Structure formats: structure tokens, C-alpha cells
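Breakdown of the fold
Residues per chain, in single letters:
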Amino acid sequence: QVQLVESGGGLVQPGGSLRLSCVASESIFDQYSMAWFRQAPGKEREDERELIAVIISAGDTGYDDSVKGRFTISRDNAKNTVYLQMNSLKPEDTAVYYCNARRTVAGNRRIDYWGQGTQVTVSS
């Protein structure tokens, strides 16, 4: 069972920056894609989480249009850690941010692990 622990959330003013971290309990980056999702206030179901950034095992990255150019996903294999650098934050970025590890196995079955979430609030 892979454990994911996020940190780095908090309250920041519009235009500010935060860096989120997600530490995995074991070395999984060669088998799992890592991603950051967020869940806006008022949305409670897991399927209402929004995928905003992903880094696959080969190292390629992808971003939702809402964060492209402002957020950067990266990883440190030696530390089993994935980061989300968030710049030029806007009030609409306010959400709980979740780290996700995903792998597809035989039979097209998907394995997902989630962190506990970290709150990011952008407000003056």
C-alpha cells in the first residue's frame, strides 16, 4: 500500500506563490504517473476533483489550461517527492489539492493512491 503525504498548503495573497510537496512511502515513479488534482469549495465527491498537472514515468508533463504557464510539476526521484510550484495565484485557485499516484495494470485495471489533501486559499 503506497502512502502519499502532501504538505505546503496555506493562505496566500493573489499574485503570490506556494510550493506543494508530496512524499511517497516508497520508490514508485518508474511505475506510476504522478499528478496533482484539486477540489474546489462546495464539491465533495471524489469524481469532482480536477486534474491540473501530471508527470509520467518517462518525465513528460502536462497541464490543464487553467494553470498552464503558472504551475510547474516536478519530481525528485531520490527523495520520492513530487512538487507543484504555483505562481501568480488567483482566488479561483482556492481548493484542496490532492496528490495522486496512478498505474494501469493487466486487464486495463487502474490502481490509484491518494494523499490526504492540503488546503490552498488565495485571498487578500
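Heads up: these notes are all about the structure in this document.

Criteria and thresholds
Residues numbered from 1 in each chain as written. Predicted model: local features only at pLDDT ≥ 70, side-chain atom pairs only at ≥ 80, totals over all residues. Heavy atoms only, no water. Pairing = 2+ DSSP bridges. Helix = DSSP H or I, 4+ residues; strand = E, 2+ residues; numbered from the N terminus. Phe/Tyr/Trp six-rings, centres within 6.5 Å; stacked < 30°, edge-to-face > 60°.

1. As for the pairing of strand β9 (residues 95-105)
Relative to β9, strand β4 (residues 33-39) runs antiparallel, the two sharing seven bridges. Within β9, the residue paired with Ser33 across the bridge is Arg102. Pairing analysis gives three bridges linking β9 to strand β11 (residues 118-122), with the strands arranged antiparallel. The residue bridging Ala95 from the neighbouring strand is Val120, located in β11. Note that β9 and strand β10 (residues 109-114) share six bridges and pair antiparallel. The residue of β10 that forms the bridge with Arg102 is Asp112. What sits between the antiparallel neighbours β9 and β10 is a turn of three residues, in which Gly107 has the positive phi angle 80°.

2. Describing the packing of aromatic side chains
Counted according to the given criterion, the structure contains three aromatic pairs. Ring centres 6.0 Å apart and planes at 50° place the aromatic pair Tyr32 and Tyr113 in the tilted group. Taken together, the residues span a long stretch of sequence, with Tyr32 in the loop between β3 (18-24) and β4 and Tyr113 in strand β10 at a distance of 81 residues. When the ring of Tyr98 is compared with that of Trp114, the centres are 6.4 Å apart and the planes differ by 90°; the resulting orientation is edge-to-face. Separated by 16 residues along the polypeptide, Tyr98 in strand β9 and Trp114 in strand β10 bring together distant segments of the chain.

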